[in-house]
Amino acid sequence: MQIEPDVLKVAGETFTPELRKRAQKAFPSLQFDILDGYGCTECLFMAFGCDCGRQHVPEDWVILEAVDENHQPVADGTLSATALLTVLANEAQPLIRYELGDRLRFYQDPCPCDSPFRSFEVEGRQATVVRVGEVTLSLLAFDLEHEDARRVQMIQTAEDVFEIRAELLTDENPDQVFEQVIRSVVEVFTKNGLAGVKIHKSDAPPQLTASGKFHEVISRPLTPAREG
Ligand SMILES: [Zn+2]
């Protein structure tokens, strides 16, 4: 299919500068470039990107707090452990200090675009990117589906070590499921210059979050040394 869009809007996943370049190259028809909004299911419009590459909070609609593990505010310029969202526009179902799990860093200086709204950068949702060394991969790069498994999960246990967990649909050939998944994961890492990453099979069941949510990939939190 050939399309010639004037404008693109991305949502959902971390949109890296490399991805932006690739999308711009793939769609030379773009007149209004690519809008990189920042939203989630609970609030589709939490922030808007400006030409300076920053995200601005529409503060008359939304309160976005950059906080540490104990939900205490972190100073501007510091990368948060998570973020809390309060939506002022919802009258029917208020969301108050809802934890997003995203890591934010508010800028200390006003944005050169002159917007009166506070600006920040998103380090990415813990659950939506995988980092190994200097390489950041979107979860979309990995295919963790398998016809013989209800769900497959990849957990980063060290910088370059991952384990695969699976909830299988049948007892036949369990090793084959793991082998196939591991092979496809290794392929993705190798293609991205990470041939040294080790992938192991785990007999443990997939891990759920404290609130019972299943994530296909659980990546390791950033080490303090890299928070800068
Ligand atoms: Zn700006």
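Above this text you will find the structure in question.
Scoring rules and cut-offs
- Residues numbered from 1 in each chain as written.
- Predicted model: local features only at pLDDT ≥ 70, side-chain atom pairs only at ≥ 80, totals over all residues.
- Heavy atoms only, no water.
- Helix = DSSP H or I, 4+ residues; strand = E, 2+ residues; numbered from the N terminus.
- Buried < 20%, exposed > 50% of the residue type's maximum accessible area, 1.4 Å probe, protein only.
- Contact = heavy atoms within 4.5 Å.
- Areas by Shrake-Rupley, 256 points an atom, 1.4 Å probe, with all protein chains shown as cover.
- Expected span 1.5 Å × (residues − 1).
- Arc of directions from axis to C-beta.

1. Here we look at the overall build of the protein chain
- Helix and strand counts for the protein chain come out as 2 helices and 16 strands.
- For the protein chain, the proportion of its 228 residues judged to be buried stands at 36%.
- The contacts in the protein chain between residues at least 6 apart in sequence include a share of 55% that link residues at least 24 apart.
- Counting every atom, the protein chain has about 13800 Å² of accessible surface; 51% of that belongs to carbon and sulfur.

2. Some words on helix 2 (residues 174-191)
- Taking 1.5 Å of rise per residue, 18 residues should cover 26 Å, and helix 2 covers 26 Å from first to last C-alpha, within 8% of that figure.
- Among all positions of helix 2, only Val177, Phe178, Val181, Ile182, Val185, Val188 and Phe189 are buried. Projection of helix 2 onto a plane perpendicular to its axis shows the buried side chains occupying an angular sector of 120°, all on one side. Away from the buried face of helix 2 by more than 90 degrees, exposed residues Arg183, Glu187 and Lys191 are located.
- Remark: Gly193 follows helix 2 within two positions and exhibits a positive phi of approximately 75°.

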